[in-house]
Structure formats: C-alpha cells, structure tokens
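Read off the chains here:
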Amino acid sequence: MASVLLYYAHPGHRHSHVNQAMYDAAATVEGITRVDLYATYPRQDINSDREQALLLDHDLILFQHPLFWYSAPSLIKEWIDLVLEHGFAYGAGGDKLKGKILMQAITTAGSAEAYTTEGYQHFPLRTFLTPMEQTARLCKMRYGAPYVLHSALRAPEAGAVAPHVAGYVDLLRRLRDETYDFDAADALGQVQADTLPFKEGA
Amino acid sequence: MGSFLLLSFLFLIAGVIAVPLASKLGLGSVLGYLIAGIVLGPVLLALNVDVINLQHFAEFGVVMMLFLVGLELEPKRLWEMRAKLLGLGGLQVGLTAVLAAGAALVFGMPWSFAVAIGLILALSSTAIVLQTFNEKGLMQSGGGQSGFSVLLFQDIAVIPMLALIPLLAMPDLVDGWNFAETGHTAEIAAPLEGATSSHDTGDATGGSNHDVEGSLDLNLVDELPGWAQALITFGAIGAVIAGGSYLTRPLFRFIELAHLRELFVAAALMMVIGIALLMTLVGLSPALGTFLAGVVLANSEYRHELESDIDPFRGLLLGLFFMTVGAGINFGLLFGNLTLVVGLTLGLMALKGAVLYLLATVFGQRGADRWLVTLSLAQAGEFGFVLLSFVVANQVLPQAIADQLLLVVALSMLLTPLLFILYDRVIVPKYVEDQAREADEIDEAGTVIIAGHGRFGGIVNRMLRQAGFSTVVLDHSSQQLEMLRAFGLKVFYGDATRPDLLHAAGIAGAKLLVIAIDDKEGATELTRYVTQNHPHVHIVARARDRNHVYDLYAAGCRDIIRDTFDSALRSGRSALEALGVHPFDAELKTRDFQDRDRHAIRELAALYDPEVELHRNTAYVERTRELMAEQEAMLLGKPGAFAMRTDRGWSPPTERDVAAEESG
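The residue count restarts for each chain, going from 1 along the sequence in the order it is written. Chain A is the first chain written and ligand 1 is the first ligand written, with later ones labelled in order. Given that this is a predicted model, residues contribute local features only at a pLDDT of at least 70 and side-chain atom pairs are listed and counted only at 80 or more, while totals for whole chains, interfaces and linings are drawn from all residues.

Quick question: what am I supposed to make of the overall build of chain B here?
Scanning chain B for helices and strands turns up 32 helices and 6 strands. By the convention adopted here, residues make contact when the C-beta atoms placed from their backbones lie within 7 Å. Taking contacts inside chain B between residues at least 6 apart in sequence as the whole, the part at least 24 apart equals 74%. Each helix corresponds to a stretch of at least 4 residues labelled H or I by DSSP, and each strand to a stretch of at least 2 residues labelled E; elements are numbered beginning at the N terminus.

Here you go:
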C-alpha cells in the first residue's frame, strides 16, 4: 500500500467542468489524503510546517489542477516556493523527499492536436510541464507521466466527463495498491482514461 | 376555589405523568394526553364535572394554534397555496361528505340525517394533526403542507355548514326516531347521564343557537337582515387586518415603555382573545379570525415575540382539550355497541383515507408524502363534537345517533396517533432515500439567526444576505428596528437570550447562530444554552475583550471573534507601513502576529477557569510568562525554536545548498 497525498487546486471551482467532479469522486477512494489547497489556504498564507509534515507522511504526491497559462494555478506555485525549502527538499541536507513520486492530473482547454508542434500551442504538453518535472528531480523524486484530459471545456457535451472521472478513481486505487505501471506510463509520455497502464496480473 | 384547584391539579398531574411516558414509548404527546384523559374519566364523572363544557373552553387552544400557524404563513405563501387549499381541501370535504352521506343512506337513515352526518364526518382534527406535524417537524414537507391546506379549508367550511344545518331540521322525523329508539337507548344512556348531560336537547327550542364555541350567547348580528350581516362580517375581517397591520406596532412600542416581560404576554393574549371575541360577536369562526390575524402579523417584526408568548398557552389548552376528548369517551355506550361503533370508526377512517389517497395522488403527492396525507387526516375532528351538539340542538339528528357518532369521532381521534406511528415506523423507512434527499435540501436553506443587529451584527447580516443566505435577525432595541425598517431591512423584535424566543426564531432548525449582542454576560449565557441544547448549531460569537474570549470558550464556542482585534491589526499594519516597512513585509508581520496571538489565546483559554481569579490561576500565569518570554526573545532577534515564518519564506538558498546540488 502506498500512501497517496492528493492536492487539488482550482480557484474557479464553481465553474469547473471536470476537476470538481474528479476531486469529489476521489473521496470514494479509501486510504488517500485529499487536500483542497484553496479551501485550506483561502488567504494564501501557506503553513510550511504543516505541509512538510504531510509530505513526510506520504509516498506519492499528486497535484490535480487545470492548466493555467502553461502552468498551475498560482497557489501551487506559492506552495512550491514556501514548502520545498532548501535543507528540506533540496540543497545541503535536503533529502527528505528522496524516493517519493510526484505526479500531476491536468485538464486543458486546448485539444490534443493543439499541443503538437503543428498545433496552435506549438509545443507538446510535456514541454510545458518540464519545470515541474525538474522540480521533482531536484528534490530527488520520481516524476510520473501526467493523467490528462484535453478539450476539457467541451467534455460535458462530448460525454467525456464520466469516463475521465471513473479513470481517475481507478488510477488513484492503482496508485494506492501499487499496481500502476509507471514505466509503461513514462513510455506513453502522458496517459488518459483509456490508456492507463496497469501491472500484469494485478 | 377549592374545586378549581382540585380540577387543575388533576389535569396537570395526569398530563405530567402520561405525556413523558407516552413520548418515551414513542407514542407522541397527543396519545399521551388522550390516555391521561381516559384514566381521568371516571374520576371526573365521580366529581360530577361537566367534561363537555370544559372541552369547549379548551377548544380555545385550537384558536391559539391557528393564530400561531398564521404567524408562520406569510400572505404571499398563503396565496401560493390557493390551488391546494380550494382544490384539495374543497374536494376532500365534498367527496367525503357525499360518500359518508351515501353510506348513511345505505344504513337506512333519512336523507336529512345522512347529509348532516356526511358534513360532520368530513371534518378532520386540526388540533391533533397540526400538533403532531409540529412535534415531528413535518409541517414544511409536501405532505404536511397538503394536510394543512385541507385542514384550513375545513375550518373555513364550518361557517357555511353552521348556516346550512338548521335548514335540515325535521323535528317530526327526529321525534319519531327518538320514540322508535327509546326502548333501545334509554337503558344505555341512563347511567351515563352525568357525562353526556350537555348534549341533551334542553336549549333546542330556540333553533337559533349559533353559539358553538363558548357558553355565552353573544351573537349580535343574528337579528339583522342578510345585507347588514354581510356588511358587518366584512367590516370585522377588515378591522382584524387593519388592526394587525397598523395597531400592533404602536401597541408594542407603548408596552415596551414598562420594560416588563409579562406585559408582552398579556398584550399577545389580549390580541388573540379580542379577535376571537370579535369573531364570535359577528358569528364567524374565532379560529379563522385569529388565523387571519396571524397571517397579517407574519411579516411583523414582533412575530417571534408573539409566537413565544402564545405558545405555552396553546400547548396547555390543547393538552387539556385532548384530555377532555379522552375523558369524554362514554365507555358504557361503547361496550354496549362495541362491534357497531368500532366497525363504523374503522369504516369511516378507511373511507376518509381512500378519498385522501386518491386526492393526494391527483394533486401530485408522491411516496411518503402521499401516505402522510392519507394517514394523518383520516379521523373525524373536534369540529365534529361542536357540530354534533349543534345538530341535536337544531333537531337535525336525534340524540341517540349523535351519541354514537360522538363515540365514532372520539375513537377515530384516539386511533390517529397510532396511524402516525404506522407512518413513522413503516412508511418512512420504505421511502427513506427520498426523505434523506429532501432533508438535505432543507438543510441547504437552513437559516442563520443573528442575535443583535448593531454596528457588528449588521455587517455580518449584510454580508450573508448578499451571498444569498436567508437570515433571521433579532434585536431588542425599538429605535434600532425603526431605523432598519426605514432602510427596508427585515428584523424581529426580541431578546435573543431568551430560550423561548430563540425557539420561535427557529433555533431547532438553524445551521448557524451569530451572537453580536453588546451584553457580555448575555452572550456567554446564550452560547452556553445553545451549545448544550442545540449542539448542531455552529456559533460565531463576538467577544468584547480577552476575558470574554475565555468565557465564551468555556461556554463551548470555538469560533470566537474579538470585535476590535482585526481593526487593531490593520491599524498596526498601517503603522508599520508608515514607518517605512515594505508593505509586503508589513503584511507578513501582521499575519505572523495574528497567528501567534490567536494561538496563545486559544492555549490560555483552555487554562482559564471562570471560578478562579486570573492572578490566582497558576497554570495560566505560568504559561503567560512563557509566552511573554518567547515574544521577548523574538524582539531581541533571537528566534530560537520559534523562527519567524516571515524569515523563512522566500529566503534564498545558501552557498552550501548550491554547492550540494552541483556536487550531487
């Protein structure tokens, strides 16, 4: 059993098409810790001690958020700035997160085609996520390939919400039960509900 | 005097013993009162007490209850109910009356008897049903609202019935029936004369006896021509509406001058009794009149005050009424005709239930609500008693039939609490999922009570209302109320520290209580009362100073806001900025100070003991010194174990950190 810490960040949760449903559904998965960052720190005054203690208690840290300007909602950045301190997460003596896994579950408004060199976003999604990937590496953590839903704003009409939420619940269970195949996910670059790689025989 | 005390004591002790027992057994208070009455019956008979007369007196409880129901019902909502009221209520009375009359014809009754019986049995018991709805919190459910519509229509329908019934009088037929039945009834009725004496046709000669609620014949309009009667009737209703709208406020402001709590009670009683009297004088139903007055006052700021003043009287009188129903059951006659009476009762309830089930279905009630309407209203009611003595007096029905019907009515009322138990135990569990969802919806709308609407509570109220939450505001300053009314805000008059008023304002169903009253002790008392008696209510309390924080904490509140703390913090931050501190650093220092102070006060609140003076409380003094020492250390720039968060956040990595990464 891996202990999973789910951080959810969506300041516009009231207008959420998919993310709020994902976060609510995650409550049905037993044995994981859920933190709604904007609800915990409505005044953005992040308590580093509390957060660092949480990190020490968990094996896998998952950030769930919509993609805002090729990055995350600002509170996640603030969280990174304050919680991943030198001497704790990196730098001299900063090995407290060593061996843990960092993952993201991301929704994008743009389509899958947009995130190609030919598309209007000009770069593949993983290029935009390299800061997070390197953050994990600097903290001696493994970065897991992200769980992604493109065209999220059109997902309700396309009937894509339910499968994505169900896939998310499945993913969380597999992460908890350690039956998720990280290597196969890395090979795919990014995963979605119908390409979740699970370990054989599990 | 002695007999009055004895009688009062008998009823009080019977109620005090029987009702808690019945509640404990899950039977509900109504059945408890009825059983107490049955037990009391023989004693009253031995003391030669006129139970029926007492019952007429106790029926005033129904009048008070309808006043309270009216208070809960704003005119707008009454108007929204009109389809249900006229459709559901009208069809229920009409269909039940026709079917019951038909059944009476089948039993070989003359048609005039049958019509009277049909009308009498079409009515249900407002007293039992509304009391139980309130007790079980069913008033706001779909079934509760439908049931109430039917009951209200019935209360209105009594008035034309009283006008219609004398037209059915056929003295020859009644005398003939009495003669034919003499041999049969005389032997049964004889030993029971004491209990049923008031039903005797002693005053039947006049034929103009419209006095159905009291023992005095006060009707002033009887002798007038029809147009004048109508004019006076409308005039009286107009007077109630106008008086309720325009006289209540000056009246209560006048009373407030005396600063006496009991004067409010006296004034509230005066209003209800006065309206009932006026209605009786012009030949209208007092229950309807007070209901109307209640509706008029539903928008008034004195609504909760009136509610809490009248409620105890309503409770006591209704209890007395139920006991008289129990005591009035003529067991001699019952056991003499057991199969007939029980059969008739069950038949009646089945018939009424079937009509209600049909109508509830037609009017879109589903699931548990449909069953609630069916089961709750299947009995005959207290107006049945009234009408029965009325029809005998008017020579519409013979005494013998009336006596048996009286038993049917009483027995059906006795069985009603059992049907409510059936509803609770069998029907509700079946539809439990629907119910849970409905409960959630009500929960969402759960009201917020704001105690005190001054400079503090007023801002809280405005914020909550802007965010779309409904609030009930209580304040006990008339000046304040008047000022707020001028700006179109709705607030209620009343002292929020009084539990009965808090109850009337809906604390039982509230989600949140904001305590923003000036009186420190009052606020603490209020907190203690609510945390103990309504633990589901979240309390946000305003503390006047540090010691008040401790008091509120000891009283059980965990959401305490010091009323000057936040503005002091902002002043401190402004001061830091004015002294040249970078605004963001000033903000961080402010946050840090706030965190530490909150932390310290919470810690100290746990050590605080209201019984011990502060400087004698060793643990408190000890911890205060430690906290002060920590603060001191910080001032001297020795952070120690308590490094300021403000220093940690955003601090750059050291050379060592960079070197560590580069070498690794």
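Would you mind showing me how to read the sheet that holds strand S2 (residues 471-475) of chain B here?
Remark on secondary structure: sheet strands pair via backbone hydrogen bonds, oriented parallel or antiparallel. Pairing is parallel in the open sheet, where 6 strands are placed in the order S3-S2-S1-S4-S5-S6 (chain B). Of all the strands in the sheet, just strand S3 (492-493) and strand S6 (560-562) of chain B have a single pairing partner and so form its edges. In short, DSSP must find at least two bridges between two strands for them to pair.

Just to check I follow, could you spell out the nonpolar core for this structure?
When a protein is soluble and globular, its nonpolar side chains tend to lie buried together. Of all hydrophobic cores here, the largest spans 176 residues; its most connected members are Ala116 and Ala451 of chain B. Here this core gets 16 residues from one element, more than from any other, and that element is helix H21 (residues 399-430) of chain B. Residues lining this core come from more than one domain, with at least three contributed by each of domain 1 (31-178 + 203-214 + 318-427) and domain 2 (444-647) of chain B. Those residues in contact with Ala116 of chain B that lie beyond four places of it in its chain are Ile165, Leu168, Val391, Val396 and Leu397 of chain B. If you look at the next biggest cluster of nonpolar residues, it comprises 48 residues, including Ala26, Leu60, Leu75 and Ala105 of chain A. By convention the nonpolar core is taken to be a set of buried residues drawn from Ala, Val, Leu, Ile, Met, Phe, Trp, Tyr and Cys and joined through C-beta atoms within 7 Å. Once C-beta atoms are placed from the backbone, each residue is buried if 20 or more other C-beta atoms lie within 10 Å of its own, exposed if 12 or fewer, and partly exposed for counts between those two. What marks off one domain from the next here is an automatic or database domain assignment.

In this structure, what is going on with the interface of chain B and chain A? I would like to understand it.
When the parts come together, some accessible area is lost, and that loss is often what is quoted as the size of the interface. At the interface, 10 residues of chain B touch 10 residues of chain A. Taken together, the elements giving at least two residues each to the side of chain B that touches chain A come down to helix H31 (645-648) and helix H32 (655-663) of chain B. With 4 residues, the top contributor of residues to the side of chain B that touches chain A is H32 of chain B. Asp, Glu, Lys and Arg are counted as charged, while Ala, Val, Leu, Ile, Met, Phe, Trp, Tyr, Cys and Pro are counted as nonpolar; the rest, among them Gly, fall into the polar class. Partitioning the side of chain B that touches chain A into residue classes produces 3 nonpolar, 1 polar and 6 charged.

How should the packing of helix H4 (residues 60-71) of chain B against helix H15 (residues 286-297) of chain B be read in this particular structure?
If you want to describe how two helices pack, look at the angle between their axes and the distance between the axes. Residue and element names in this part refer to chain B. Every axis in this analysis is a line fitted to C-alpha atoms, fitted for helices over the stretch in contact. Angles between the N-to-C directions lie between 0 and 180 degrees. It is the contact of H4 with H15, at a shortest axis distance of 6 Å, that shows an interaxial angle of 25 degrees. By the angle class used here, H4 and H15 are roughly parallel. As for the relative orientation of H4 and H15, their crossing is right-handed in sense. Residues Val62, Val63, Leu66, Phe67, Leu68, Val69, Gly70 and Leu71 of H4 form the contact with H15, whose own contacting residues are Pro286, Ala287, Thr290, Phe291, Leu292, Ala293, Gly294, Val295 and Leu297. Broken down by class, the residue content of the contact of H4 with H15 amounts to 14 nonpolar, 3 polar and no charged. In these notes the angle categories are as follows: under 35 degrees is roughly parallel, over 145 is roughly antiparallel, 65 to 115 is roughly perpendicular, and the rest is oblique. The hand of a helix crossing depends on one turn: near helix anticlockwise from the far one by less than a right angle means left-handed, and clockwise means right-handed.

Help me understand the environment of Gly454 of chain B in this model?
All names here are of chain B. Here Gly454 is to be found in the loop between strand S1 (448-451) and helix H23 (457-466). For Gly454, a count of 14 C-beta atoms within 10 Å puts it in the partly exposed group. The spacing of Gly454 and Gln480 is 26 residues in sequence and 7.5 Å in space, taken between C-alpha atoms. In contact with Gly454, other than residues within four places in its own chain, are Gln480, Ala516 and Asp518.

It is not clear to me how the environment of Gly147 of chain B should be interpreted in this structure. Could you clarify?
Residues and elements named next belong to chain B. As for its position among the elements, Gly147 is in helix H9 (residues 142-164). By the C-beta count within 10 Å, which is 30 here, Gly147 ends up buried. Along the sequence, Gly147 and Thr374 sit 227 residues apart, while their C-alpha atoms lie 8.8 Å from each other. With residues near it in sequence (within four places) discarded, Gly147 still touches Val129, Phe133, Leu372, Val373, Ser376 and Leu377.

Got a minute to help me understand the pairing of strand S1 (residues 4-8) of chain A in this structure?
The two faces of the sheet receive side chains in turn, since in a regular strand these alternate between them. Residues and elements named next belong to chain A. Most of S1 sits out of view: 4 of its 5 residues are buried. Where S1 and strand S2 (residues 32-36) come together, 5 bridges link them in parallel fashion. Residue pairing in the sheet places Leu6 in a bridge with Arg34 of S2. Place the viewer so that the strands point away; then a crossover is right-handed whenever the path from the first strand over the helix to the second strand goes clockwise. Where the polypeptide runs from S1 across helix H1 (residues 19-26) and back to S2, its parallel neighbour, the crossover connection is right-handed.

Explain helix H18 (residues 338-362) of chain B here, please?
Quick reminder: α-helices carry 3.6 residues per turn. Residues three or four places apart thus point the same way. Residue and element names in this part refer to chain B. To estimate how far a helix should reach, multiply one less than its number of residues by 1.5 Å. Helix length check: H18 (25 residues) gives 36 Å between terminal C-alpha atoms against 36 Å at 1.5 Å per residue, within 8%. Buried positions along H18 lie against helix H6 (82-106), helix H7 (111-122), H9, helix H17 (331-336), helix H19 (367-376) and H21. Looking one or two places after H18, you find Gly364, whose phi comes out positive at around 75 degrees.

So what exactly am I meant to see when it comes to unusual backbone geometry here?
Only a minority of non-glycine residues have a phi that is not negative, and only a minority of peptide bonds are not trans. Residues and elements named next belong to chain A. Of note, Trp69 is a non-glycine position whose phi angle comes to about 45 degrees, a positive value. Tracing the backbone through its elements, the reader meets Trp69 in the loop between strand S3 (60-66) and helix H4 (74-83). One non-glycine residue with positive phi stands out, namely Ser151, at about 50 degrees. Mapped onto the secondary structure, Ser151 falls in the loop between strand S6 (147-149) and helix H7 (155-158).

Looking at this structure, how should I read the confidence of the model for chain B?
Low-pLDDT portions of the prediction should not be read for the details of their coordinates. Residue and element names in this part refer to chain B. Each residue carries a pLDDT value, the predictor's own confidence for that position, ranging from 0 to 100. Taken over all residues, the pLDDT of chain B has a mean of 80, while the share at 70 or more is 88%. Every residue in residues 434-445 is under pLDDT 50, and counting partners more than four places away or in other chains gives 6 contacts. pLDDT under 50 marks residues 639-643. Its contacts with residues more than four places away, or in other chains, come to 6 contacts. Here the predicted complex carries an ipTM of 0.79, next to a pTM of 0.62.

Explanation requested: the pairing of strand S5 (residues 538-543) of chain B in the structure shown.
All names here are of chain B. Where strand S4 (residues 512-515) meets S5, 4 bridges bridge the pair, whose relative direction is parallel. Bridged to Leu513 within S5 is Ile539. Viewed along the sheet, the connection from S4 through helix H26 (residues 520-533) into S5 turns out right-handed. Pairing of S5 with S6 involves 3 bridges; the strand directions are parallel. Following the sheet pairing, Arg542 is matched in S6 by Ile561. After leaving S5, the chain enters helix H27 (residues 546-554) and then returns to the sheet as S6, a path that is right-handed.

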